[in-house]
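Below, each chain spelled out in residue letters.
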Amino acid sequence: MTHNYGHLKPQIHVMSSLSSQSCFPVCSPCRYRALTFILTFLLYTSFHLSRKPISIVKSELHKNCSAVSEAAIIASSSSQQPSLSSLHTDVDCSWKPFDKSNYKQLLGAMDYSFLCAYAIGMYLSGIIGERLPIRLYLTVGMLASGVFTCLFGLGYIYNIHNLSFYIFVQVANGLVQTTGWPSVVTCIGNWFGKGRRGLIMGLWNSHTSVGNILGSLIAGYWVSSNWGMSFIVPGLIIIIMGVVCFLFLIERKYIQSKVPSMLTPRGRLCSPAVWWSGYGYRSLLCSLPQSYDTELLLPRDSERIPMQPVVVVKSESEPSAISFMGALRIPGVVEFSLCLLFAKLVSYTFLFWLPLYITKAAHLDAKKAGDLSTLFDVGGIVGGILAGVISDKLGKRATTCAVMLLLAAPTLYGFSMISQFGLGPTIGMLLVCGGLVNGPYALITTAVSADLGTHKSLKGNARALSTVTAIIDGTGSVGAALGPLLAGLLSAGGWDQVFYMLMTADFLALLVRPLTSII
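This text gives an overview of the structure that appears in the document. (Residues numbered from 1 in each chain as written. Predicted model: local features only at pLDDT ≥ 70, side-chain atom pairs only at ≥ 80, totals over all residues. Heavy atoms only, no water.)

Scanning the chain from N- to C-terminus turns up 18 helices and 6 strands. Across the 519 residues in the chain, those meeting the buried criterion constitute 54%. Of the contacts made within the chain by residues no fewer than 6 positions apart, 81% connect residues no fewer than 24 positions apart. Total accessible area computed for the chain in this model is approximately 22,100 Å², and 66% of it derives from carbon and sulfur atoms. (Helix = DSSP H or I, 4+ residues; strand = E, 2+ residues; numbered from the N terminus. Buried < 20%, exposed > 50% of the residue type's maximum accessible area, 1.4 Å probe, protein only. Contact = heavy atoms within 4.5 Å. Areas by Shrake-Rupley, 256 points an atom, 1.4 Å probe, with all protein chains shown as cover.)

Set out below in structure tokens:
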């Protein structure tokens, strides 16, 4: 059976350009691992960078009107000409329709619309991603996400005050962003084995926190003067990264097969070459009559070698993608999915509501609150790496998650108390909370998902990684949708109720996680 590998030409071209030491150009797999690590890190950083602005802009959508009025009186007494940045606040300090007393519920509904669409779409995304080229699938998702992120910012530019418009943009953006996580985890899982997966993925998963930090800083730069740019700039960044993804992403390593030695026209013996074939295939060169004039141009010395045609024989059937129910039957998938549901509920409540909480509790403006909230993500970077290192050393991912979840609950209560005593204690508790909350979340969504997607029960079928990742993260996203929604409802009765909800979620995550190591 002959197969046409024309679709591999871009990747083969990259291999040829990077190698100059072999007769047949092949690049060291280490270089591809480094390329995949760095590129997928930057790609998903841009995803989280585009999600963060909504949490920064919330305090601008609904302001403390009394403070704004006093500032406006002072400004008007010193100058008769209103500035361009105050045109939107001359009539009303808040942005309609978020100027009413139910603004927390409306803001919570926007979060819920995005995260609910994200959770539903995630279950489908993994199944679709297993059956399409990851590079193209991820590129389309990033371009579409950039468009919808920019569209939200255009609401400010064109003075749109219709809640339905913002809800629609959030739902559409939530759906297209589901292309990101299963795709990048599948890529990184394809290139890295289980050896030091916890450490590698702990480092790699810091893209979540790095994206949140960059998103906070970018959105905070424009939030007080033109919050529309807080969305447009991140939207343009993810569009640019989508183009980079299309041009450079190599989604999986290819199987190496030996090719018989050949003599060049000058009599030189060419060392055994390597042909990089697609997943599930092994290449076999069959000796055919010399009448064929196929040639290979060598980059080393521009020497041409007559070559026999290559006949690629399918030596084993290509494994089929796993079904949804088949993925659920993998030991540990259901337990870790439920654990992530509660862990992600806590993490995303902080992601979407922390800046507003700091604004209200510490009486800071939107920009300072956004900058301060990045410390939670700094702690998350350390926590994710620490969780990976510990789980590698112990060989027990479930136990590592349990210990961090057990410590996180009382730490959350401490943060709710200490944050009222000044800036210094708040900074310290933000770092600690970020590490303990995001540590288990990072471990489950990366190393655990990759381990389960290549579980021994699959008997070598690696076509389950995207589906398993999507199921775990999709279930976690249900919690991510519920957390901000509940925070919007409970905060009306005081922020203490929100922290009680977060502590309860941490204890539930501890209860449903697997009791023993199963991966």
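With that out of the way, let us pick up the pattern of salt bridges. Counted by the stated rule, this structure contains 5 salt bridges. Residue Asp-99 is joined to Lys-100 by a salt bridge in which the shortest nitrogen-to-oxygen separation is 3.2 Å. The class of Asp-99 is buried, set by a relative accessible area of 18%. The class of Lys-100 is partly exposed, set by a relative accessible area of 47%. Between Asp-371 and Lys-367 there is a salt bridge, with its nearest N and O atoms 3.2 Å apart. One end of the pair is Asp-371 and the other is Lys-367, both in helix 14 (residues 366–394) and 4 residues apart, which spans about a single turn. Residue Asp-371 is classed as partly exposed on the basis of its relative accessible area, which comes to 26%. (Salt bridge = Lys/Arg side-chain N within 4 Å of Asp/Glu carboxyl O.)

Here the focus is helix 9 (residues 197–204). Each turn of an α-helix holds 3.6 residues, which means side chains three or four residues apart point in the same direction. Within helix 9, 6 of the 8 residues are buried, which leaves it mostly tucked inside the rest of the structure. If you check which residues of helix 9 are buried, you get Arg-197, Gly-198, Leu-199, Met-201, Gly-202 and Trp-204.

What follows is about the side chain of His-62. Mapped onto the elements, His-62 comes out in the loop between helix 3 (53–61) and helix 4 (65–78). Taking relative accessible area as the criterion, His-62 reaches 12% and is therefore assigned buried. Within the structure, the side chain of His-62 is placed 2.8 Å from the backbone oxygen of Phe-98, a separation counted as a polar contact. In this structure, His-62 is in contact with Ser-94, Phe-98, Asp-99, Lys-100 and Tyr-103, ignoring residues within four places of it in sequence. (Polar contact = N/O pair within 3.5 Å; in protein donor to acceptor, adjacent residues only side chain to side chain.)

To continue, consider the nonpolar core. Counting residues in hydrophobic clusters, the biggest one holds 110 residues, and the most contacted among them are Trp-227, Phe-350, Phe-415 and Leu-502. Here this core gets 17 residues from one element, more than from any other, and that element is helix 13 (residues 333–362). The contact partners of Phe-350, leaving out residues within four places of it in the chain, are Pro-355, Phe-376, Leu-412, Phe-415, Phe-499 and Leu-502. (Core = buried A, V, L, I, M, F, W, Y, C linked by side-chain atoms within 4.5 Å.)

Once that is clear, we can look at the packing of helix 14 against helix 15 (residues 397–418). In contact at an axis separation of 8 Å, helix 14 and helix 15 are set at 135 degrees when each is read in the N-to-C sense. Here helix 15 runs oblique to helix 14, going by the angle between their axes. In the packing of helix 14 onto helix 15, the handedness of the crossing is right-handed. For the pair helix 14 and helix 15, contact is made by Gly-383, Ala-387, Ile-390, Ser-391, Asp-392 and Leu-394 and by Arg-397, Thr-400 and Met-404, respectively. Looking at the contact of helix 14 with helix 15 residue by residue, the class counts come to 4 nonpolar, 3 polar and 2 charged. (Axes fitted to C-alpha atoms, helices over the stretch in contact; angles between N-to-C directions. Parallel < 35°, antiparallel > 145°, perpendicular 65-115°, else oblique. Left-handed = near helix turned anticlockwise from the far one by under 90°. Nonpolar A, V, L, I, M, F, W, Y, C, P; charged D, E, K, R; others polar.)

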